[in-house]
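One-letter residues, chain by chain:
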Amino acid sequence: MIAVVTGSTGVVVLVGAVFLACAVEMVEALTIVLAVGHTRGWRSAFEGTAVALVVLAALVALFGPALVRVPLSVLRLVVGGVLLIFGMQWLRKAILRSSGLKAMHDEDAIYRAKVAELASAGAAQRDRIAFVMAFKGVFLEGLEVVITVLTLGTSAHRLGLASTVAAIAVVLVGIVGVVVAKQLSNVPENAMKMGVGVLLVSYGTFWTGEGLRVRWPGNDVMLVGFVALYLAVTWVLVAYLRHERRTREVAA
Amino acid sequence: MTGDRRPPLVWRLVKGFGQFWWDFLIGDTPELFVAALVTIGVVAVLSHLWHLNGVAALALPVLATAALVLSVRRAVRGERRR
């Protein structure tokens, strides 16, 4: 009886842990793919995602047992550092545009130019940055899903169950992501870039710390704190720069 | 004949790979790249050498914020000079 209860509890804990871990990683991957798709185009975003999934599948098939031994801290440090730099680049640009110090995109003109460009370039046109961003996002998050499922599933001797739960989490978050994507498409590009910049810097800060084995107070909850911090910093910077610009214009 | 003047394929691939990462990480904001390296170095020292986890946890977002503010300030100065 005790064994049955302990076993059931173990299964519940395993299912809960794998589901939540995979859902979180899927949300993180989806955030990056959605951001890339909205700002750089869906084709390259999907291509990057598809290639990442194929490479992940190939890696799992070839090096499955070895993946578990890859030091996650090194991976997180490298990814965190790259996200920190890239996020700050996006955030900086979005702040300058919001405060009027850098020209906003003329969407109509850009749309016309893009249509003309795509019409002349045909289907062979590729967006390298979008492809790489989507690829890296899905690949690195997927790698964490694989490691989570392999470590938890193998240690509990329930690899099949862990894999099934992970697949359910990925599909569910994917469906929610598609619904959210339709709403996100109405967000102005600069606001979108600002939001993505905040998220990238937040993830970058979190993962860099994890890679350096910093113990965050509240663990993953700290991510929410970083999002709040960088949103506040962005708001203050935009407000200050707008005020300064107006003061200069009045003085002139 | 013109094909003979082109550098070898391997060299072009290596150069393209390096150029991509240069543009991706450094581009027109080298200060952010340097700031990220300094931040990682400082946090590593605080966390690993001095075992000041609390200070390291605080230093990371503070240094990242400072880097962002300084980079925006640099860009604003550049825009005004134009």
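Before reading further, recall that the structure is shown in the block above.
Residues numbered from 1 in each chain as written. Chains lettered and ligands numbered in written order. Predicted model: local features only at pLDDT ≥ 70, side-chain atom pairs only at ≥ 80, totals over all residues.

Enquirer: Please explain the nonpolar core as it appears in this structure.
Expert: It is characteristic of soluble globular proteins that their nonpolar side chains tend to be buried jointly. Residue and element names in this part refer to chain A. Ranked by internal contacts, the top residues of the largest apolar core, which has 70 residues, are V33, L91 and A134. Among the elements that take part in this core, helix α3 (residues 72–98) stands out by supplying 13 residues, more than any other. Setting aside its immediate chain neighbours within four residues, V33 contacts A45, T49, A134, G137 and V138. (Core = buried A, V, L, I, M, F, W, Y, C linked by C-beta atoms within 7 Å. Buried ≥ 20, exposed ≤ 12 C-beta atoms within 10 Å, placed from the backbone. Helix = DSSP H or I, 4+ residues; strand = E, 2+ residues; numbered from the N terminus. Contact = placed C-beta atoms within 7 Å.)

Enquirer: What should I look at first to understand the packing of helix α8 (residues 222–251) of chain A against helix α4 (residues 53–81) of chain B in this one?
Expert: Relative placement of two packed helices is described by the angle separating their axes and the distance separating the axes. In the contact formed by α8 of chain A and α4 of chain B, the axes pass within 11 Å of each other and the chain directions differ by 25°. Here α8 of chain A lies roughly parallel to α4 of chain B, going by the angle between them. Of the two possible hands of crossing, α8 of chain A and α4 of chain B adopt the one that is right-handed. In contact with F226, L229, V233, L237 and L241 of chain A of α8 of chain A, α4 of chain B contributes P61, T65, L68, V69, V72 and V76 of chain B. (Axes fitted to C-alpha atoms, helices over the stretch in contact; angles between N-to-C directions. Parallel < 35°, antiparallel > 145°, perpendicular 65-115°, else oblique. Left-handed = near helix turned anticlockwise from the far one by under 90°.)

Enquirer: Which parts of the structure should I look at to understand helix α3 (residues 30–49) of chain B?
Expert: In an α-helix, one turn spans 3.6 residues; hence positions three or four apart end up facing the same way. Residue and element names in this part refer to chain B. For α3, which comprises 20 residues, the first-to-last C-alpha distance of 28 Å matches the rise-based estimate of 28 Å (1.5 Å per residue) to within 8%. Within α3, the full set of buried residues consists of L32, A35, A36, T39, I40, V43, L46 and S47. Projected down its long axis, α3 carries its buried residues within an arc of 135°, all on one side. Relative to its buried face, α3 has exposed residues pointing more than 90 degrees away, namely P30, L37, V38, G41 and L49. One or two residues past the end of α3 sits H51, with phi positive at roughly 55°. (Expected span 1.5 Å × (residues − 1). Arc of directions from axis to C-beta.)

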